[in-house]
Every structure is written in C-alpha cells, then in structure tokens.
Amino acid sequence: MARWCYRHRLVVLVLWVGALLGLGVAGTAAGTHYSNVFSLPDTDSKKALDLLVKAFPERSGDQNTLVWRVQDGSVRDAPVRQRLEPALREIAGMRGVGEVISPYAPEGATQISRDGRTAYAQITFVDQADAVPKALVQDVVDLTEEAAADGLQTEIGGQAVKRIQEPPMGTAELVGLAAAAVVLFLAFGSLFAMALPLVVAVFAVGTAMMATILLSHVTDVPEVGPLLGSLIGLGVGIDYALFIVTRHRKGLLRGMEPEESAVNALNTSGRAVLFAGGTVCIALAGMLVMNLRFLDGVVIATSLTVVLSVLAAVTLLPALMGVLGPRVLSRRQRQRLAANGPAPAEASGLAARWSAVVQRRPRAIGAVALLVMVALAIPVFSLRLGATDQGNHPEESTTRQAYDLLADGFGPGFNGPLQLVADGVEPPAVQELVQRVSRTEGVAFAAALPSRPGSGLTVIQVVPTTSPQSEETDRLIDVLREDVIAASGEKVHVGGVTAVFKDFATVTSERLPYFVATIIVLGFILLMIAFRSILVPLTAAVMNLIAAAASFGVLVAIFQWGYGTELLGIGKEGPITAFLPVIMLSLLFGLSMDYQVFLVSRMHEEWVHTKDNARAVRVGLAETSRVINCAALIMICVFGAFVLSGDMEAGMAGVGLAVAVALDAFLLRTALVPAVMHLLGRSNWWLPAVLEARLPHLAVEPGDALPDVPASAFRTAAPTTGSTGSVVHGLVHTGRGEPVMGGVLTLESPDGARIDRVVSLADGSYVLSAPEGGAHLLTVTSPGHEPWVRHVVVGDEPLVQDVVLAPEGARR
C-alpha cells in the first residue's frame, strides 16, 4: 500500500483534500448538536431529573442568572429598578429567550437577599447551552453591562454565557502546532521535513472534527469530546508521522532511493504505528467498561481521531514523501550525502553515551527515577472527584463574578441548590418533610415550590450551608437520602446539578478499578504476543501505573490544592472532574504503550539477532531515546497549549497529560525501564513453552526491510583498491548446502556501531569491508530462516566465514 500511495501521490492527495473539504462543508451546514448528559441510569438524581423534565418541559432549556449588587442602599430603590427592569423586559422579548423571572415580580420575591443589597433574575433560554446562538447570548451580556453604574455591579453566569467567554475555537490547537513546528525544525533542520508531520496531523484532526460534528446528530457526543479528540489527535498524529519520517530520513542518509526508503519506513515504523494506534484505541474503548453514557461519546470522538491519524500516517504521508522526494533531507544533508556517500547508521552522541551510563549503573539510576516518581505520586492519596463549576472560572470572568455575588448574598450553597422531587406525596406529608429537612444540619433553607396542578409532583428547594464542591455538601446529600427521606417513608428523589455530579463521581469511583484492570490486562496480552515475553509486558504495566499515579499527584497539587491555577489562568482550585481519571487513564495507557512499543521493539529486534540482553537494551535505548524524547516534547507542547482553550476540563486534561508524557518519556522510558531490563537480564525475554506454542506471532516492527531492497542499494564487492582494511567474505547456505540469495549480513563493532552491510548474491557469496582489525559482531538475517549471529576477529588478512542458516522455527 505504501508503494501504491507513493506512486499515485496525486490521487491520494486529491482524496484527502476532498474528504476534508467535503466533511467541512457538511459539518458547517449541519452545525453542532453536542449533548452533555452527565446523569446515570438507575441513580437517584437521574430519577429526579426525569420527573422534572416530564412535569416542566418549558424549563428544560439552559438557565442563566443575571445578578446585581448595590454598594449602598437597596436593590429595591427606584434608581436601581429603573436601570434593571427595562433591561429584563428587553431580554424577555428576545427571540430564543423562554422565560425571565424578575425579583421585582411576585413569583421572584425570594430572589432578593436578606440585606437587600443583592438580587438576581433567572433567564431561561429555549434551547440548551450549545444550541443557543452566540449572538443572542452576547446581546444579553451587553444589556447586563449597560445596566451597570457607579455603585451598581451587574454580572451574569450560566453555561451559555460561559461559551462566549471561551477563547476562539482553535487557539489552543494553533499554539500547540506552532510549538510542535519549532521542535520539529530543531530536530530535522529542514522545513519540508518539519511540515510533513504537521500536515498529516492537520488533515487527520480536521476530518475527525468534521466527522464528529456529523455524528453528534445521530448519537450523544459531549461538548468536551471533540476538544479531547483534537488534543489526542494532534499529539499522536504528529508523533506517528514523526516516527515514520525519521525512519525515512535514515534510509535516505544510508543511500536508499526515495521510493524504497519510504516503503521501508512504512514497512518498519509504519507497522509500529499501526500497532500503537490499535493499542490507543483499545485503551480508549476500555472506557466502555464504565457503562457511562457520557463517556460513550468521548470514546467515539477520540477513537475516530486516532484511527484517522493512523490512516493519514500510512496513506497521506507516503504520498507527501513522493511529492518531496529527497528534499525531506536538508540541503546540507543532501550535499554531504552526495560528497561523502551514505552515512553510518550507528547511534552516537548523547543518546549513546546515556545508554552506556544506564548499562553501567542500572541500580543507582533506577532508584533515583523511582524515588522521583513516588514523591510526585504522594498527593494522589488526597484525590477527590467532583465537578468544576463557575466558581472555578478565572476571577475576572463575569461568570465567576456572578457566582461570587450569589454566594455572598445568599450563602455559599445557593449556587448548587438541591431539589427534592416528591412523586405522589400528599401536602401534609410534604410540609412535614420540609420541616425535617430544615432542621437537618447543613441546610440553610428549604421550601416547597409551587406545583403544577395535576402533575402529582412537588419540588422542595434545599439550599445547603456549604458550597457545591465541598465534602460537607456531599455528606448532606447522603444524610437526606439515607436518613431524612428514608425515615419519612415517602417516594422522594434528591436531584439538582450538585446531586447529579455527586452520583457521577460515586459511580466513577466504584467502576474505576474494573476499568484499570481491563486496560492493563489487554495491554499485557498485546505486549506478550508482540515481544514473546512475560516480564516485558509486566514491567510495562507496573510502569504505566507508576506514571499514572505521579501524573495524578501533580494534577491534585495544581488543580485541587491550587498550586498555580491562577498563575496558569485557569481559575480557582477545586475537586478533580469526575470523568477525567477515566479519560486520562485511557489516553495515558495508550500513549505509554506507544513509547513502550517503539523502545522495546528495537530492543527485541537486537535480542533476536544477538541473544545478548545487555547489548539489546543498550542499542535499543541509544537508537530510540532521541526520537521518543522528541515525540514527547511535541506532545507536551500540544497538550500544554490546551490550558488556553478556556475549558477547565480540557485544561486539566492538557496539564495532566503533558506531565504524564514528560515523566513517561524522560524518566520511565529513558531511565527506569532500561535500568530494570538491565537488572532482569535474559529473564526479560522468557516465555513459557506452553504459551510460546499457542500464542500467535505478531511482527510489531521488523528490522529494516532490506531483503526487499534491490541489491544495488548495497555494496556487494570488495573495497576499492588502496583500502588499508581487510574484509570478511564467504558463502551463505542452508544445512543442505543450498545457496541463500538476498540474505542481509551486517558487521558491527563491539560498541554497536555498524561497519558495513551487504546482501548475499545468487550463489550465496558476500564480501564485507572491515576497515580496522579486532573483534566484530556478524549477524545474518533472511526470510524463512533463523537469525545467525557470531563474534568474529578480523586481522590483517581476509577472514573467511561461511554461514549456515537453519529454517525458521528450528530452535523450538
């Protein structure tokens, strides 16, 4: 497929551009229809909500609150009323506004505080927040601001108002892309190479976003779904393309033709990308175990983005490689290649030196890395799930100001009132229940609201003495349900937004262990099949749990304890959003699996060739750590930029994932994992014989697909005349004496540097150049045969070394 996409690049480009434009036009015409359904079936708050929607459908639209406060006097004073009443009448007459309850009307008499200095009006739109036109909301906000005067503060809060306060859509994405572009340019030194991953990610995320908009009309997709989808899509889209482009550039630098290099890159790193994308989707699908309707839409949006990112990486990317040809390399690299010939492929520089340090001191490095992770994980024991509200918004926002004014005027619990919905309860029993509730500790106010004749429902409004996010309010809900209502013997349900989020957090906490167990088991099985090992996937599972604990520890310190929330511009501290652990764990486990696959696949390849664990770990780390760290840095930039999205949940997810990726890449994969693998030795690659015989074989990232490369891409003759070195030569044949053509022979120095590589000819002969004498490692691979590895000593004279290959599977 890679070769077809490379050769038919114009067709592929037209198809992708057509898909993006077509979905864009369709999505724009259809508009969004997101649905934030946080309630859960079979919960008390859901039953209360269903009864309220059935009895009062006209109040099912988004409710916003216009609040005003006077510095002196009372809100009942004539000058204040003369400024507010006309504004309220104008708002009530706007198309799209369903109802406005003024504190100056009889039904709103309780909407003035006891001290007379604060009042509010309830504005109910016809539609839910995401469907209310932003122009209408802006008109309401403008009237609110115009009503203000010296000594009179007016603010407005609500979900619809929150939407127009958010930064323009795409701001976070653009900042993330700009930061990623800088990292890519520094890594590649080429504008064309820098552009490839960015273009692939933009196409993938763009098509996914438009497709998600269309899907929101046929299934429930929460508003945060596409935001999280773009977050994860940009991260994995750029990273997946980065891995493939890096392998492609490596092939070009080794002298391969552009088409063969692109095909080889897709056949090696492309396989790993397919596997990595599959593991991310499996981790995301693990959210379905939670059986939370809200998360189903998140799974759809994020999984679709990952699938399209993988599809773009394996189709659009080779087409773009075909357009650019050798210009994927910088001009200086092309000039050096033309002047000096192919570059050696051995790892060098800081990555190789660090890999050698880890090999020499695995215990010390592993201990330090583990101590850092444990220290960062300590705050996780204080984790409290809940919900963010407008009290967590930035202090300068009108929604936060309205929230604070209501809390000051009516008490901290006023922003999260509870609703006791009594179904078929007689009026005397209702009055008795109101009295019981009023006497309950933690209740500031309780009163029965006017009921609709014939509905059979009575709503008791309960205002707690504590804020919606406090633990005391959660305990009050439990007391009302388990003690007060249970003692009354009546059919009453506790509802309201605060109760809904409390139930959501409770159910999430109960089901979270099953979710974590599911994704760990699935990841363990996949890695066991891929790497034929028990300890490699077990190590990965433990490392993933450590990374999750450390990242949530940092998240608690920032968002729950408040160490830096205002500095980051994301508002006031509060509980961690209830659904965030599920989403973050899915993404974190998926991304961690990506890095584990790219790191260990190279180690596994070296282990298969040499059966030397120390060498396999050293070479694998040296050759992959740089690209893993570069990929991680890009993800950190992309995720961190989502603090600018204006959405508290997206900000939490962005910071949490950025921290998790940083710890995973810079501490776990480059220090703790290789240190542990050095200590475990050959046990890393142990697999019981019974599993070895029954597990299917899965090639995650095979070695460079050199047998498929024309022999002209390699040297097949002795060194040129005048060379001062020696050679290793001989025949490659089977145990029956049959010559093996196309076998790949590699000569390496003791420190892992590649000296020469050739392919055997039709008669099985080969000649390898050995510029210097001494010990070398000779490896031979050929399709259908077991790898062959020997240590050879090269002297001043040519060394004859015949190779006998055994058929594949002979070792078992």
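Residues numbered from 1 in each chain as written. Predicted model: local features only at pLDDT ≥ 70, side-chain atom pairs only at ≥ 80, totals over all residues. Heavy atoms only, no water.

## Quick look at unusual backbone geometry
Here is the rule: Segments assigned H or I by DSSP are reported as helices when at least four residues long, segments assigned E as strands when at least two residues long, and all are numbered from the N terminus.
Even without a glycine there, the phi angle at R532 is positive, about 50 degrees. Locating R532 in the fold gives a position in the loop between helix 18 (497-531) and helix 19 (535-560).

## Here's the deal with the packing of helix 13 (residues 350-360) against helix 23 (residues 648-680)
Inclusion rule: Structural elements are reduced to axes, namely lines fitted to C-alpha atoms, with helices fitted over the stretch in contact, and the angle between N-to-C directions of any two is expressed from 0 to 180 degrees. For classification purposes, angles smaller than 35 degrees are called roughly parallel, those larger than 145 roughly antiparallel, those between 65 and 115 roughly perpendicular, and all remaining angles oblique. Crossings are sorted by hand: turned counterclockwise from the far helix by less than a right angle, the near helix makes the crossing left-handed, and turned clockwise it makes it right-handed. Note on contacts: a residue pair is in contact if any heavy atoms of the two residues lie within 4.5 Å. Residues were grouped as follows: Ala, Val, Leu, Ile, Met, Phe, Trp, Tyr, Cys and Pro as nonpolar; Asp, Glu, Lys and Arg as charged; and all remaining residues, including Gly, as polar.
Where helix 13 contacts helix 23, the two axes come as close as 9 Å, and the packing angle between them is 45 degrees. One element, helix 13, and the other, helix 23, form an angle in the oblique class. In the packing of helix 13 onto helix 23, the handedness of the crossing is right-handed. Contacts between helix 13 and helix 23 involve W354, V358 and Q359 on the former and, on the latter, T670, A671, P674, A675 and H678. Residues that form the contact of helix 13 with helix 23 fall into these classes: 5 nonpolar, 3 polar and no charged.

## What about the environment of A285?
Secondary-structure assignment places A285 in helix 10 (residues 258-285). Once the C-alpha coordinates of A285 and A448 are considered, the two residues, 163 residues apart in sequence, prove to be 44 Å apart.

## Observations concerning the sheet that holds strand 16 (residues 788-794)
Let me state the cut-off plainly: Strands qualify as paired when DSSP identifies two bridges or more between them.
Judged by pairing direction, the sheet is antiparallel, and its 4 strands sit side by side in the order 13-12-15-16 without closing on themselves. Single-partner strands in this sheet number two, and they are strand 13 (754-759) and strand 16. Averaged over all pairs of adjacent strands, the angle between their axes in this sheet comes to 20 degrees, without regard to strand direction. With 5 bridges joining them, strand 12 (residues 744-748) and strand 15 (residues 774-781) adopt antiparallel strand pairing. From the neighbouring strand, V744 faces strand 15, where its bridge partner is T781.

## Digging into the sheet that holds strand 9 (residues 492-495)
Strand order in the open sheet formed by 4 strands is 7-8-6-9, with antiparallel pairing between adjacent strands. A single partner strand is all that each edge strand has here, and the edge strands are strand 7 (443-448) and strand 9. Taken pair by pair, the neighbouring strands of this sheet meet at an average axis angle of 20 degrees, ignoring direction. Sitting on the sheet, helix 16 (residues 427-438) touches strand 6 (418-423), strand 7, strand 8 (457-464) and strand 9, and the angle it makes with strand 7 is about 170 degrees.

## Some thoughts on the packing of aromatic side chains
Applicable threshold: Stacked, tilted and edge-to-face pairs are distinguished by plane angle, under 30 degrees for stacked and over 60 for edge-to-face with tilted covering the rest, among Phe, Tyr and Trp rings (Trp via its six-membered ring) whose centres lie within 6.5 Å. Three exposure classes are used, based on accessible area relative to the maximum for each residue type with a 1.4 Å probe and protein chains only: buried under 20%, partly exposed in between, and exposed over 50%.
Under the counting rule described, the total for this entry stands at 7 aromatic pairs. Taking 5.4 Å as the distance between ring centres and 80 degrees as the angle between the ring planes, the aromatic pair formed by Y120 and F410 counts as edge-to-face. Here the residue Y120 occupies a position in strand 3 (residues 118-125), and F410 occupies one in helix 15 (residues 398-410), the gap between them amounting to 290 residues. The same class applies to Y120 and to F410, which are both buried. Measuring from centroid to centroid gives 5.8 Å for W607 and W685, while their planes differ by 15 degrees, and the two rings are stacked. In this pair, W607 is assigned in helix 21 (residues 580-610) and W685 in the loop between helix 23 and helix 24 (689-694), connecting sequence segments 78 residues apart.

Any functional reading would require information that these geometric values do not contain.
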